[in-house]
Amino acid sequence: MSNRRSFLKRSGAALAGLSLAPLVKAQPVKKDPIPYKKGLVISTWWHGLAANDEAHKIIANGGTAVDAAEMGVRITEADATGQSVGVGGLPDRDGNVTLDACIMDSKGNAGSVCFLQDILHPVSVARKVMDDTPHVMLAGEGARRFALDNGFEKTKLLTPESEKAWKEWLKEKEYKPIINIENHDTIGLLSMDKAGDIAGACTTSGLAYKMHGRVGDSPIIGAGLFVDNEVGGATATGLGELVLRTLGSFLIVELMRQGASPQEACEEGVRRIAERNNVKDMQVGYLAVNKAGEVGAYAIHPGFNYALHRDGHNEMIDAKSML
Ligand code: SD4
């Protein structure tokens, strides 16, 4: 005990003299961006249009970026026609719909759930983890129990359409995600409110016919989503394994911190993946926004598009791609 006490005393004294200056100094940001204060929302794929509309409504009414992000992606989660987010998502190989989601606010807080079953709005469970628990991430049965204990209702997520598609898949049992199709539809959304504060959310049922228990990039802070309100935010869609190996969203935000534009940062994020993997049959798409309200988007293959709500317009835009 006395040894421990003297150790603590010594390490306390050492810490008191410790400089908290960064060891690696970030490059100064190219231009000092004047925060964009008109509000904007950017999100992945066609379903981003409806999500952006909802998110932008909240921002227009003076709401916060984090409320906008959560409410925006809830629209996608509740849409049973989308087969890669929330209800109606394609199941894993054993027929279970398992959901991943996360959220980050502009204060650097984060919440996440993964491998969650039976709950319609994983993003709101992630928000509750962020707001009401001392943790960042809950998984599987623990996340499910937390949701049920907090008033989320048990919901059947496997729709007849997705069950039919799964039964069809069982005939061949071939696991081969198809670019822009079977790994299509995660929604990653970045929002900026009228104060110029940035937040984001990402939610998915993950890859169709994945192994039971597989978790992708989408609920991992820094992989599927990362926000640093001093710099900007980034989010990912596509084959999560590639994003996880490079911690893509964190990388993109750090590149922006060092002076890259959102477009340059997204392109470098894709390049990092391509230099280490054979990406012929694999898709990843990134979106990014910085404090000046500039946006970037880039993918490995053509076919990735996103919805941008800015200056009164909400429109679909085709992202540039490496190949
Ligand atoms: C995953 N990244 O679970 C997700 C899938 C996805 O668009 O983004 N689909 O790997």
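The notes below deal with the structure included here. (Residues numbered from 1 in each chain as written. Predicted model: local features only at pLDDT ≥ 70, side-chain atom pairs only at ≥ 80, totals over all residues. Heavy atoms only, no water.)

## Comments concerning the overall build of the chain
Counting secondary structure elements, the chain contains nine helices and 13 strands. Sequence separation of 24 or more characterises 67% of the internal contacts of the chain that already satisfy a separation of 6 or more. Accessible surface computed for the chain: about 14900 Å², of which carbon and sulfur atoms make up 54%. (Helix = DSSP H or I, 4+ residues; strand = E, 2+ residues; numbered from the N terminus. Contact = heavy atoms within 4.5 Å. Areas by Shrake-Rupley, 256 points an atom, 1.4 Å probe, with all protein chains shown as cover.)

## Some details on the environment of Gln263
Looking at the element boundaries, Gln263 is found in helix α9 (residues 262-274). Residues Gln263 and Val295 lie 32 residues apart in sequence; the distance between their C-alpha atoms is 6.7 Å. The residues contacting Gln263, other than those within four sequence positions of it, are Val295, Gly296, Ala297 and Tyr298.

## Regarding the pairing of strand β5 (residues 187-192)
β5 sits mainly inside the fold: six of its six residues count as buried. Neither face of β5 is exposed, since Ile187, Leu189 and Ser191 on one face and Gly188, Leu190 and Met192 on the opposite face are all buried. Note: strand β1 (residues 40-44) against β5, four bridges, orientation antiparallel. Along β5, the bridge assignment pairs Leu40 with Met192. (Buried < 20%, exposed > 50% of the residue type's maximum accessible area, 1.4 Å probe, protein only. Pairing = 2+ DSSP bridges.)

## Some details on the packing of helix α3 (residues 65-78) against helix α4 (residues 122-132)
Each pair of packed helices gets described by two things: the angle between the helix axes and the distance between those axes. At a minimum axis distance of 8 Å, the contact between α3 and α4 shows a crossing angle of 150°. Judged by the angle between their axes, α3 and α4 are roughly antiparallel. Of the residues in α4, those in contact with Val66, Asp67, Glu70, Val73, Arg74 and Glu77 of α3 are Pro122, Val123, Ser124, Arg127 and Met130. Of the residues assigned to the contact of α3 with α4, the class counts are five nonpolar, one polar and five charged. (Axes fitted to C-alpha atoms, helices over the stretch in contact; angles between N-to-C directions. Parallel < 35°, antiparallel > 145°, perpendicular 65-115°, else oblique. Nonpolar A, V, L, I, M, F, W, Y, C, P; charged D, E, K, R; others polar.)

## Overview of the side chain of Ser124
Its place among the elements puts Ser124 in helix α4. A polar contact is formed between the side chain of Ser124 and the side chain of Arg74, at a distance of 2.7 Å. Among all residues touching Ser124, those that are not within four sequence positions of it are Glu70, Arg74 and Phe152. (Polar contact = N/O pair within 3.5 Å; in protein donor to acceptor, adjacent residues only side chain to side chain.)

## Quick notes on the sheet that holds strand β6 (residues 198-204)
Read from one edge to the other, the open sheet built from eight strands follows the order β4-β3-β2-β6-β5-β1-β11-β12, with strand pairing classed as mixed. If you trace the sheet from one side to the other, it starts and ends with β4 (137-139) and β12 (313-318), each paired once. Averaged over all pairs of adjacent strands, the angle between strand axes in this sheet comes to 10°, irrespective of strand direction. Pairing analysis gives six bridges linking β5 to β6, with the strands arranged antiparallel. Each residue of the ladder has a partner; that of Leu189, found in β6, is Ala201. Packed onto the sheet, helix α2 (residues 48-60) meets β1, β5, β11 (305-310) and β12 and runs at close to 155° relative to β1.

## Points about the sheet that holds strand β10 (residues 295-299)
Pairing between sheet strands relies on hydrogen bonds along the backbone, with the strands arranged either parallel or antiparallel. Taken together, the five strands give an open sheet; going across it, the order is β7-β8-β9-β10-β13, and neighbouring strands pair in mixed fashion. The sheet terminates laterally at β7 (225-228) and β13 (320-321), the two strands that pair on one side only. Sheet topology places strand β8 (residues 232-238) next to strand β9 (residues 284-290); seven bridges connect them, and they run antiparallel. When the sheet's bridge partners are listed, Gly233 is paired in β9 with Val289. Most of the contacts of helix α8 (residues 248-257) go to β8, to which it runs at about 145°, and overall it touches β7, β8 and β9. Packing against the sheet, α9 makes contact with β9 and β10, and its axis sits at approximately 20° to β10.

## With respect to unusual backbone geometry
One non-glycine residue, Phe115, lies in positive phi territory at about 50°. Mapped onto the fold, Phe115 is located in strand β3 (residues 110-116). Positive phi, normally seen in glycine, also occurs at Tyr209, with a value near 60°. If you trace the backbone, Tyr209 turns up in the loop between β6 and β7.

## Observations concerning the side chain of Thr203
Along the polypeptide, Thr203 turns up in strand β6. On the basis of relative accessible area, Thr203 is assigned to the buried category, the value being 0%. Within the structure, the side chain of Thr203 is placed 2.7 Å from the side chain of Glu77, a separation counted as a polar contact. Contact partners of Thr203, with chain neighbours within four places excluded, come to Val73, Glu77, Val85, Asp100, Ala101, Pro122, Thr186 and Ile187.

Functional significance is not addressed by these values, which are geometric in nature.
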